[in-house]
Amino acid sequence: MGVVYRGTHVALGEAVAVKFLKAEWTAKPEFRARFRREAVILAKLRHPGIVSVLDFGEDSGDLFMVMELVNGTPLSDLVGEKGKVLGRLRTFGVFDELLAVLEAAHDEGIVHRDMKPENVMLVTGKDRQDRVKVLDFGIAYLDDGGATGQRLTETGTIRGTPQYMSPEQCKGAEVGAPSDVYSVGVMLFEALTGSLPFDAVEVTGLMVQHMFVEAPLMRETGTKPDVSRGLEALVHRTLAKRPEERPTARAFREELAAIAKGTDVASFEDRAAEERTRNAALSRSDRAITGVTRAAEASLEGATATSSETVLVWADAARASELRTALAVHGLRAELHVSEGAPAESSAASAKALVVASSHAASAGSTIASTRGGAVARVPVLVVDAASAAETAA
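Nothing here was measured: the structure is a model prediction, and the numbers come from that model.

Scoring rules and cut-offs
- Residues numbered from 1 in each chain as written.
- Predicted model: local features only at pLDDT ≥ 70, side-chain atom pairs only at ≥ 80, totals over all residues.
- Heavy atoms only, no water.
- Pairing = 2+ DSSP bridges.
- Helix = DSSP H or I, 4+ residues; strand = E, 2+ residues; numbered from the N terminus.
- Axes fitted to C-alpha atoms, helices over the stretch in contact; angles between N-to-C directions.
- Contact = heavy atoms within 4.5 Å.
- Salt bridge = Lys/Arg side-chain N within 4 Å of Asp/Glu carboxyl O.
- Buried < 20%, exposed > 50% of the residue type's maximum accessible area, 1.4 Å probe, protein only.
- 1 Å grid on protein atoms, 1.4 Å probe; cavity = no way out; pocket = protein on both sides within 12 Å on 5 of 7 lines; lining within 4 Å.
- Points joined across faces, edges and corners; volume = space filled by probe spheres on them.
- Nonpolar A, V, L, I, M, F, W, Y, C, P; charged D, E, K, R; others polar.
- Parallel < 35°, antiparallel > 145°, perpendicular 65-115°, else oblique.
- Left-handed = near helix turned anticlockwise from the far one by under 90°.
- Phe/Tyr/Trp six-rings, centres within 6.5 Å; stacked < 30°, edge-to-face > 60°.
- Expected span 1.5 Å × (residues − 1).
- Core = buried A, V, L, I, M, F, W, Y, C linked by side-chain atoms within 4.5 Å.

Asks: Would you take a moment to explain the sheet that holds strand β1 (residues 2-8) for this structure?
Replies: Strand-to-strand pairing in sheets goes through backbone hydrogen bonds, with the strands running parallel or antiparallel. As summarised here, the arrangement of the 4 strands in space is β1-β2-β4-β3, forming an open sheet in which the pairing is antiparallel. Strands at the two margins of the open sheet, each flanked by one partner only, are β1 and β3 (53-59). Going across the sheet, the axis of each strand differs from the next one's by a mean of 25°, ignoring polarity. Bridge count for β1 against strand β2 (residues 15-21) is 7 bridges, and the pairing is antiparallel. Bridging from a neighbouring strand, T8 pairs with A15 of β2. Strand contacts of helix α1 (residues 29-44): β2, β3 and β4 (62-68), with the helix running at about 25° to β4, the strand carrying the most contacts.

Asks: Can you help me understand the pattern of salt bridges in this one?
Replies: Note that side chains of opposite charge can pair when their charged atoms are close. Taken as a whole and assessed by the stated rule, the structure comprises 21 salt bridges. Between K19 and E38 there is a salt bridge whose closest N-O contact spans 3.1 Å. Taken together, the residues span a long stretch of sequence, with K19 in strand β2 and E38 in helix α1 at a distance of 19 residues. Across this residue pair, the class does not change: K19 and E38 are buried. Among the ionic contacts, a cluster of salt bridges with common partners joins D96, E103, D107, R250 and R253.

Asks: Hey, could you run me through empty space enclosed by the protein in this one?
Replies: Summed over all chains, the structure comprises 2 cavities of 30 Å³ or more. There is about 40 Å³ of room inside the second largest cavity. Taken together, F189, A215, P216, L217, M218, E232, V235, H236 and L239 form the lining of the second largest cavity. In terms of residues, the lining of the second largest cavity owes the most to one element, helix α6 (residues 229-238), which gives 3 residues. The residue makeup of the lining of the second largest cavity, split by class, is 7 nonpolar, 1 polar and 1 charged.

Asks: Is there a simple way to think about the packing of helix α4 (residues 177-193) against α6 in this case?
Replies: Relative placement of two packed helices is described by the angle separating their axes and the distance separating the axes. Relative orientation of the contacting elements α4 and α6 amounts to 140°, with a least axis distance of 8 Å. With respect to α6, the axis of α4 lies oblique. Both α4 and α6 take part in a crossing whose hand is left-handed. Every residue of α6 that contacts α4 at V181, Y182, G185, L188, F189 and L192 is listed here: L231, V235 and T238. Within the contact of α4 with α6, the residues separate by chemical class into 7 nonpolar, 2 polar and no charged.

Asks: Help me out: how do you make sense of the packing of aromatic side chains in this one?
Replies: Centre distance and the angle of the planes are the two values used to describe a pair of aromatic rings. Counted by the stated rule, this structure contains 4 aromatic pairs. Arranged with centres 6.2 Å apart and planes meeting at 50°, the rings of F20 and F64 form a pair that is tilted. Of this pair, F20 sits in strand β2 while F64 is found in strand β4, placing the two residues 44 residues apart along the sequence. Looking at F64, the relative accessible area reads 18%, which means it is buried.

Asks: Explanation requested: α1 in the structure shown.
Replies: Every α-helix winds through 3.6 residues per turn, so residues three or four apart in the chain are directed the same way. Taking 1.5 Å per residue, 16 residues should reach 22 Å; α1 reaches 22 Å between its end C-alpha atoms and fits that length. Along α1, the residues classified as buried are F31, R32, R34, F35, R37, E38, A39, I41 and L42.

Asks: So what exactly am I meant to see when it comes to the side chain of S179 here?
Replies: Assignment of secondary structure puts S179 in helix α4. In this structure S179 comes out as buried when scored by relative accessible area, which is 0%. Those residues in contact with S179 that sit more than four places away from it in its chain are S166, E168, Q169 and R246.

Asks: When you look at the nonpolar core in this model, what are you seeing that I'm missing?
Replies: Note on soluble globular proteins: their nonpolar side chains tend to be buried together. Counting 57 residues, the largest nonpolar core has F95, L98 and L231 as the members making the most contacts within it. Within the residue set of this core, elements represented by two or more residues are α1, β4, α2 (88-107), β7 (120-124), β8 (130-134), α4, α6 and α7 (249-261). The biggest single contributor to this core is α4, with 9 residues. Excluding residues within four positions of it along the chain, F95 makes contact with L75, V184, M187, L188, A191 and L256. The next biggest cluster of nonpolar side chains, apart from the first, holds 11 residues, and it includes V311, A320, L323 and V384.

Asks: Mind showing me how you'd approach the side chain of H112 here?
Replies: Mapped onto the elements of the fold, H112 is located in the loop between β6 (110-111) and β7. Since its relative accessible area comes to 1%, H112 is described here as buried.

Asks: Just checking my understanding: could you explain the sheet that holds β7 for this structure?
Replies: Taken in spatial order, the 3 strands make up an open sheet running β5-β7-β8, and their pairing is antiparallel. The strands lining the two open edges of the sheet, one partner per strand, are β5 (73-74) and β8. Note: β5 against β7, 2 bridges, orientation antiparallel. Its bridge partner being in β7, P74 is matched across the sheet by M121.

Put into structure tokens, the structure is as follows:
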């Protein structure tokens, strides 16, 4: 819709980008209105991840827009073609910034409607990290509080780039924020696999797939990356056919960040399953907190439970029972102490560790203080249920 030139601000001597509406569109009211609306949207969206508009005007019938000049690399140069991928860690950083831009735009009622790698510029920041700049809001939709919002394209008209269009875009239906989420889901799929989820010789075939065909698994597509179960599930949800089944840009970003850190639900579940499998193959001695090995197991054969397998739990009856169950899962035997006074010397001497449950701050300090002498002082002490570290000071 537009052509961009590099220019220089006469008064400031600063390099800028000057965008003109293409000559073939200048006489068409729809395209003139769309060009103006892009300027309005850029002025409304003050965000470091969106190109800033500095001026807008008309010269001899030609509309123009002056914007900040961005020197960077289009995401399209780094992914997709010939199986190129962005790399796992870099992908997480780039898409975190990209989703932050969409989050800000959607909060302002603005839907981009043409999210694709060509419209994402990567700029190297002073910290040598990628910084994202989102370009081209030319076919964006702005809901400014009117009955139907301010649409630059009527419902029933198809606009966008077919490879990244949402099912509702392909149908010419009403498009909202979930459409951008779908497009970014396609981009993330491509960045990780080096391949698009859907492909066809003709545009109509591609649009049919967007509307009716389930996306393939990433681990079975393109470079077949070893993605986590949580990441596979997240991308699958972003590519849902029904807009209401997709996450918001904010939820998408938050879950992607959790996956990058390994703190998402699926990662926790997978680690727990691995731990259970590993523990099931170990003897009780191997699972004990002393780390007794299989090589030493023979010397313990026939012996009763020893201090290497016993943890002393000091808590009220209900909490002590809960802790005993938790320890048992890991093959540890718990000896319970439920009275107010410190454990007996004999009990402490036979334990390998002491778990202290402090249910209220008033007793925390005195409880910990009572572990400082005698046999109790010679075993590691683990404090649970304290609201803060300060409460454990004795």
